[in-house]
Amino acid sequence: MVPIVSTDPDEIIDAIVMGGVQDPFPLYEQLRELGNGLHRSSTLGGWIATRAADVRASASDHETYSNDMAAATGAGAHDPDDPRQRRFAEIQSKFLFFLDPPEHTAVRSVFRSAFTPQAVAAWRPAVEAITDELLADFTPGDEVDFMERLAATVPVSVIATILGVPKEDHPLFRSWSDALTLATDPAVQGEARNRAIESSMELFDYLAEVAEDRRANPRDDLASTVVNTPTRDGEPLDRTMALAQTAVLLGAGNETTTNLLGNGITILLDRPELLRRLIEDPGAIPAAVEEFLRFDPPFHLDFRKASRDTELAGTEIAGGSPVYHLIAAANRDPRAFDDPSTVDIDRADNRHLAFSHGIHFCVGAPLARLEGRVVLEKLLQRFPGIAPGSEAPVRRVTNIVARGWEKRPVRL
C-alpha cells in the first residue's frame, strides 16, 4: 500500500504524474473519495474526473467536451522551424482521438467498414498463426520476458499483417511504433523528442507509399479499406487524414494490446487459482479479458476539453479547460462496480471504461479483444505450467497515460 502522501488533491496528482509510482491505485482511490472526486491539477492545467458517472457523462457529451487537444497536450513539433517536424505535427493533429465532428464522423464511418464483425472474425486465423509461430520458439521451463517476446510482438505483427505490410518489414514497424509512442508523449522533449519525431516520420513516409499503392492497386487488406472507402459525403479521406489513421492503427492499437496482455498475465500470475481455472476452462477467457480491462486498463488517462462553460459533479468548468478522465480510478469506483478491488471474472455487469465511451469509444476494441483472447488461449494451452520468472526484475511503466510493464519475466 502506497502511504498517503497528502490530503491535497493537487499534491496527490503530482505524486502520480511526477513520482514514478509503481502502484498508483491507492492514490487513485484517495482522489476518487476526496470531495466530489473532481479535482483541479496545476501540473496538468485542468480538471481530473475520477468517478465512473462523471467520466461517462462527459465522454457522452461531445458537444460540450471537445477532443481537439493536440496542441493542449503539449505534443507536436519540438522545432517548429523544421519542415519535417511541422509535417509531423500536422499529421498528428489528424489522429482520430484528436478529432471532433464532422471530421471525426467521417473517419468513424470509414472505420465502421474496416472493423465489422465479419472483418474481425476473418482476422482470427492471422492472429492464431502469428501467436503459434511465436510460441513455437519456446519450450516448457524457458525463462522469457513476456513483454519483449510476446506482449509487444504479437500486436505489431498482427496490425502490420492486416494492413498488408510484407512480413520482412514487420521488424521496422516495431521500432517505429515505439518511436511514435514517444513522439506523442509531451513529457519527451529535447533531443529524445527530435529522434522520436524523425523515426515517426520514417513510418509516415513508409505508410504514405503503401497508401499510394493501394489507391492505384486496391487489395483485400486494411490499408486499402482506409484509403479507398467513401465517407458519408461520398469521397475517400484526403491523403493526410488517411495517413494519420493508418498510423493511429499501428501506434494506439499496439500500445493497447501490449498493455492488455502484460497486465492480464500479471493478474493471473498473482492469482494461481484463477490461472488454473482458465487453463481448465478456456471458455471463461473472454470474460476474464473484460475483467482485466476493468481492473487494470491499458490506458489509465484520457482527455477532453470543455468547449464552453459547463458544470460537472456540481463544479463549474470554464470553457477551454482540459478535463481528464482517470479511467483506472473510474473502473474501480464502488458506485459503479461491486467489490471493485477484487478480480471477478463472473462479474454480472462489467460496463468498464477501458475503451472510453461515447463517440470516442475505441474503434480497435474488437481487434484488441480478439488478440487478448487468442494469445491467452494459445499460451495457457501450450504452457499450463506458466509461473513468475526469476531471472530479471519486474518493472512497471509509470507513465500516467499508458500503463503496462517494461519487463514481465515468466517461466513457461
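Bear in mind that the values here come from a model prediction, so they are computed numbers and not experimental data.

J.: Can you help me understand the nonpolar core in this one?
T.: Proteins that are soluble and globular tend to have nonpolar side chains buried together. By size, the foremost hydrophobic cluster in this structure holds 112 residues, and its most contacted members are Phe 173, Phe 204, Leu 222 and Leu 278. The leading source of residues in this core is helix H12 (residues 239–269), at 14 residues. When neighbours within four sequence positions are excluded, Phe 173 is seen to be in contact with Val 156, Ala 160, Leu 163, Val 165, Leu 203, Tyr 206, Leu 207 and Leu 250. Core analysis: the next-biggest nonpolar cluster, separate from the first, contains 13 residues, Val 55, Val 323, Ala 330 and Leu 353 among them.

J.: When you look at the packing of aromatic side chains in this model, what are you seeing that I'm missing?
T.: Remark: the centre distance and the inter-plane angle together describe each pair of aromatic rings, the angle taken between the planes. For the coordinates displayed, the defined rule picks out 12 aromatic pairs. Pairing Phe 25 with Tyr 28 gives two aromatic rings, centres 5.3 Å apart and planes at 75°, and the pair type is edge-to-face. Placement of the pair is Phe 25 and Tyr 28 together in helix H2 (residues 25–33), with a separation of 3 residues, close to one helical turn. Of the two residues, Phe 25 and Tyr 28, neither departs from the other in class, the shared state being buried. Taken together, a centroid distance of 6.5 Å and an interplanar angle of 75° make the contact between Phe 97 and Phe 303 edge-to-face. Taken together, the residues span a long stretch of sequence, with Phe 97 in the loop between helix H4 (83–92) and helix H5 (103–114) and Phe 303 in strand S5 (residues 301–306) at a distance of 206 residues. Cluster of aromatic residues (ring-pair linked, three or more members): Phe 95, Phe 97, Phe 98 and Phe 303. One cation-aromatic arrangement involves Arg 332 over Phe 25; the distance from NZ or CZ to the ring centre is 3.5 Å.

J.: What is the right way to look at the pattern of salt bridges in this model?
T.: Pairs may arise between side chains of opposite charge once their charged atoms sit close together. Scanning all chains against the criterion turns up 27 salt bridges. When the shortest N-O distance is used, the salt bridge between Glu 90 and Arg 87 registers 2.8 Å. Here Glu 90 and its partner Arg 87 are both found in helix H4, 3 residues apart, which amounts to about one turn of the helix. Judged by its relative accessible area of 38%, Glu 90 is partly exposed. On the accessibility criterion, Arg 87 (28% relative accessible area) is partly exposed. The salt bridge partner of Arg 396 is Asp 296, with a shortest N-O separation of 3.0 Å. In this pair, Arg 396 is assigned in strand S10 (residues 395–396) and Asp 296 in the loop between helix H14 (285–295) and S5, connecting sequence segments 100 residues apart. Assigned by exposure class, Arg 396 and Asp 296 land together as buried.

J.: Can you walk me through helix H6 (residues 117–135) in this structure?
T.: In an α-helix, one full turn covers 3.6 residues, which means residues spaced three or four apart are oriented alike. Taking 1.5 Å per residue, 19 residues should reach 27 Å; H6 reaches 27 Å between its end C-alpha atoms and fits that length. For H6, the principal kink sits at Arg 124 and spans about 30°; a proline, Pro 125, occurs within the next four residues.

J.: What is the right way to look at the side chain of Asn 259 in this model?
T.: Along the polypeptide, Asn 259 turns up in helix H12. Looking at Asn 259, the relative accessible area reads 4%, which means it is buried. Discounting chain neighbours no more than four positions away, the residues touching Asn 259 are Gly 264, Pro 298, Ala 402, Arg 403 and Gly 404.

Scoring rules and cut-offs
Residues numbered from 1 in each chain as written. Predicted model: local features only at pLDDT ≥ 70, side-chain atom pairs only at ≥ 80, totals over all residues. Heavy atoms only, no water. Core = buried A, V, L, I, M, F, W, Y, C linked by side-chain atoms within 4.5 Å. Buried < 20%, exposed > 50% of the residue type's maximum accessible area, 1.4 Å probe, protein only. Helix = DSSP H or I, 4+ residues; strand = E, 2+ residues; numbered from the N terminus. Contact = heavy atoms within 4.5 Å. Phe/Tyr/Trp six-rings, centres within 6.5 Å; stacked < 30°, edge-to-face > 60°. Lys NZ or Arg CZ within 6 Å of the ring centre and 35° of its normal. Salt bridge = Lys/Arg side-chain N within 4 Å of Asp/Glu carboxyl O. Expected span 1.5 Å × (residues − 1). Bend = angle between axes of the 7 residues up to and from the residue.

Honestly, that's just the spatial picture; any functional story needs more than this.
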